[in-house]
Each structure stands twice: as structure tokens, then as C-alpha cells.
Amino acid sequence: MLSRLNELIWADWIWFPEGYGWDDLKDHDGKVFPKTRDLWAVLPVALCFLVIRQIFEQTIALPLASLLGVSDEHRVCASPNPVLESHFCSTSKHPTQSSIESLSKQTGCSVRQVQRWFRRRRNQDRPSKLKKFQEASWRFMFYLLAFFAGLAVLVDKPWFHDVKLVWENFPKMPLLTSQYWYYMIELGFYVSLVFSVASDVKRKDFKEQIIHHVATILLISFSWLVNYIRAGTLIMLVHDASDYLMESAKMFNYAGWKKTCNFIFTVFAAVFIITRLIIFPFWIIYATGVYPLGLYTTFFGFYFFNGLLVVLLILHIFWTGLILRMVIKFLPGNGIVEDERSDKEEVESDDEDDCSKPKNGHVQNGHSVLNSYRKRV
């Protein structure tokens, strides 16, 4: 039964146009074609990226942060309070006013002290500016190298200048050594991002990021299996074209270099819109989803591949909305670009102590009775 199921899943008519199949991807006459077993190489590549990342963040990102003046402000930790901690962990990090008043009565703290405790507790969980700088530095370095490496790999290829040629001789297109390494490195990097997702800074678009990573991994893996490699390399290049600009803008943001950050972010916004909302749909998706309709009969693999591209396009539209919101914020020149996807640290006032223990036993109208602190004449 398993053998029959395997034959059905990998049937030629599912993954290839009529008249073509897996036999067309067998090596012959010195020509090498992509194989399923090649994808196992991604795992050691991903592990290497995880190790290299740790070394890079400690030996390069940290000194660079110091050079640019990135530093973390001192955070005052919330004092131990079992009642408030229990509510924070199990109920809500942002309690309602009625909950705050109830907690005030339970703990003997004033309402303002409870509010301050929750602010401090939330700030404790937020990643430090230095950690965000280190992550942005790592991604900047990868995307920068990946973009220019991809450009070097593709600039002399005919399908780089005429995207319709991604279908020339399909699927009997031999694999180039440069394409092999381009694929393994890109795929290994995205797999490493999935491995590190638990420890990375979680942003407001965390779910969208996960969808993007999964769709990208599926897209790269699938395009490798069925030899959509020409289209796949173009897609990877288009996506890397703007990412390093965004990461560099965030680096200068964390360093407080307002004018530099705003300038780079403006360039990023323009490149992102051109590559993700113009080139990607009107050149690449057209070449993979519309142009081949006149060449081949449709098949499941055709719909699966282009479906993943549509998922990416939807995410691009979503992120374009966030980018435009950020651009609008600094157009008057009154501020610095803030990443809409990040949690911002909450500012505290210094007019009241944190709630570390009940204040003299009683609370009246949500405020502690201060009997022991009196101004002496």
C-alpha cells in the first residue's frame, strides 16, 4: 500500500506537464540535474549558519554596536510579587482598570503602583536594543552578500534579461554549480531562521513572518525538485534586493542616527515597492503563471508553485502598508523611523515607587494611606 501511495504522490502528471516526468531529470551525457536527496545538504548548512551567527553577533555586531553608539538604557525590574506575577503570566499582561483595582486591594498597593509594576514587568520581557541591533546586523550581512552573489550568478544568464526563457527546454535544463550553491545557501538560511525563531525578537507580524518563512522554504524546495530553478533564482534575487536596506535602516535606527536612517529607509521603501509589487507580479508571476499557459497543459505542480507566489505577494502588500505608515510618520522630519512590527518600551515616570510590599496595611479608594511619611517642620 505504501508503495502504491508513493507512486501516486510522485506521479509524473501531478508535477510535470503532459509528456514530461521524473525520467527527464536523470543525469546523462555529463549533464547533472537536481535530485531530491540534494536537499539533505540544507540541514548542515542551516546548522553552520546558526554557529556562524553566534560568532558574528559576538565578534562583529557587538563592537559595531559600540562604534555606532548603541547602548541599552538601564531597566528597573519589577519587584517580586506573587499575586501580580500570577495575573501577568496566566491572565493578562495588560490588565483592565477593574482588574487593576482588584489587584490593588489584594496586594495592598495603590492603583498607580500596580500600573507601574505591570509596565516594568512588560519592559523586562521586551528584547533589548542591543539584541535587536545584533539580529539586524546578522540579517543585513547575509542579505547584502546573498543579493550581490545572486546578481553575480544571474547577470550573464539569458533568462535574467528575458524572463520567458525560464521555460526554455523545461524540464531538461542542466544544473549549474553556481545554482546549486545559491539554492543551498538561501534555503539553509531560511531553515536556520525557523530553528532560531524561539529565541529571536518577536515582532507584531510574527505570524506573517512564520507564514513567509514556511512559504519560502516550500517554494525553494519545490522549485528544486521539479527543476524550476531558473525561476527560483530570479525570485530569490528579487526578495534579497531590498531586505539588506531595511536591516541597515534598523541598525541606524537603534543607533539614533535619524537622518541616515530616514534616508536609507526611503530608498528601501522605493526598492521594496518596485521589486515586490511591480517586478515580482508583472514580470516573474506573469512568466511563471501566465506565459506557460500557451506552452503546456496545466498540472497540479503549476498551481502549487504559483499559489505559493500569490501567498508571498499578499504578504508583500501587507508589509507595504506598514512601510507606508512608517514613511508617513517621518515625512515632516519630526522623528525617526520606528519599526511598526516592534514592541516599543513603555516610558515610566519617577513620581512613585514600585509595588514591592503593602503600604502600611490598608488601601483607601485605590490609594495607600501614607502614615509613616510626613514632612517634618
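Computed from a predicted structure; not experimentally measured.

Here's the deal with the packing of helix H7 (residues 129-154) against helix H9 (residues 177-195)
Then step 1. It is the contact of H7 with H9, at a shortest axis distance of 10 Å, that shows an interaxial angle of 160°. Between H7 and H9, the crossing angle belongs to the class labelled roughly antiparallel. The element H7 and its partner H9 pack so that their crossing is left-handed. Facing H7, whose interface residues are Trp138, Phe142, Tyr143, Ala146, Gly150, Val153 and Leu154, H9 presents Ser178, Tyr182, Ile185, Glu186, Phe189, Tyr190 and Leu193.

With respect to the nonpolar core
Then step 1. Counting residues in each nonpolar core, the largest one holds 89 residues, and the members touching the most others are Phe189, Tyr228, Phe265, Phe280 and Phe305.
Then step 2. Of all the secondary-structure elements, those providing two or more residues to this core are helix H2 (12-15), helix H3 (42-68), H7, H9, helix H10 (206-225), helix H11 (229-255), helix H12 (258-290) and helix H13 (300-330).
Then step 3. The element best represented in this core is H11, accounting for 16 residues.
Then step 4. Each residue touching Phe305, except ones within four places of it in the same chain, is listed here: Leu219, Phe222, Ser223, Tyr228, Ala231, Ile235 and Thr288.
Then step 5. Ala78, Phe88, Ile100 and Val114 belong to the second-largest nonpolar core, a separate cluster that totals ten residues.

Remarks on the pattern of salt bridges
Then step 1. For the coordinates displayed, the defined rule picks out twelve salt bridges.
Then step 2. One salt bridge connects Asp27 with Lys35, and the closest N-O pair in it is separated by 2.7 Å.
Then step 3. Taking relative accessible area as the criterion, Asp27 reaches 40% and is therefore assigned partly exposed.
Then step 4. By relative accessible area, Lys35 is classed as buried at 18%.

A word on the side chain of Glu135
Then step 1. As for its position among the elements, Glu135 is in helix H7.
Then step 2. A relative accessible area of 2% places Glu135 in the buried class.
Then step 3. If near-sequence neighbours (up to four positions away) are discounted, Glu135 is found in contact with Arg53, Glu57, Ser199, Asp200 and Val201.

Cut-offs and rules
- Along each chain, the written sequence defines residue order, and numbers are assigned to residues from 1.
- Per-residue local features of the predicted model are confined to residues with pLDDT of at least 70, and side-chain atom pairs are confined, for both listing and counting, to 80 or more; whole-chain, interface and lining totals are unaffected and use all residues.
- Each side-chain value is derived from all of the structure's non-hydrogen atoms; neither hydrogens nor water enter the calculation.
- Angles shown run from 0 to 180 degrees and are taken between the N-to-C directions of axes, each axis being a line fitted to C-alpha atoms and, for helices, limited to the stretch in contact.
- Strands here mean DSSP runs of E at least two residues long; helices mean DSSP runs of H or I at least four residues long; both are numbered from the N terminus.
- By definition in this entry, angles of less than 35 degrees are roughly parallel, angles greater than 145 are roughly antiparallel, angles of 65 to 115 are roughly perpendicular, and the rest are oblique.
- Each crossing gets its handedness from the near helix: less than a right angle anticlockwise from the far helix is left-handed, clockwise is right-handed.
- Any two residues whose heavy atoms approach within 4.5 Å are treated as being in contact.
- To qualify as a nonpolar core, a set must consist of buried Ala, Val, Leu, Ile, Met, Phe, Trp, Tyr and Cys residues joined through side-chain atoms within 4.5 Å.
- Only protein chains enter the accessibility calculation, which uses a 1.4 Å probe. A residue is then buried if its area is under 20% of the maximum for its type, exposed if over 50%, and partly exposed in between.
- We count a salt bridge whenever a side-chain nitrogen from Lys or Arg sits within 4 Å of a carboxyl oxygen from Asp or Glu.

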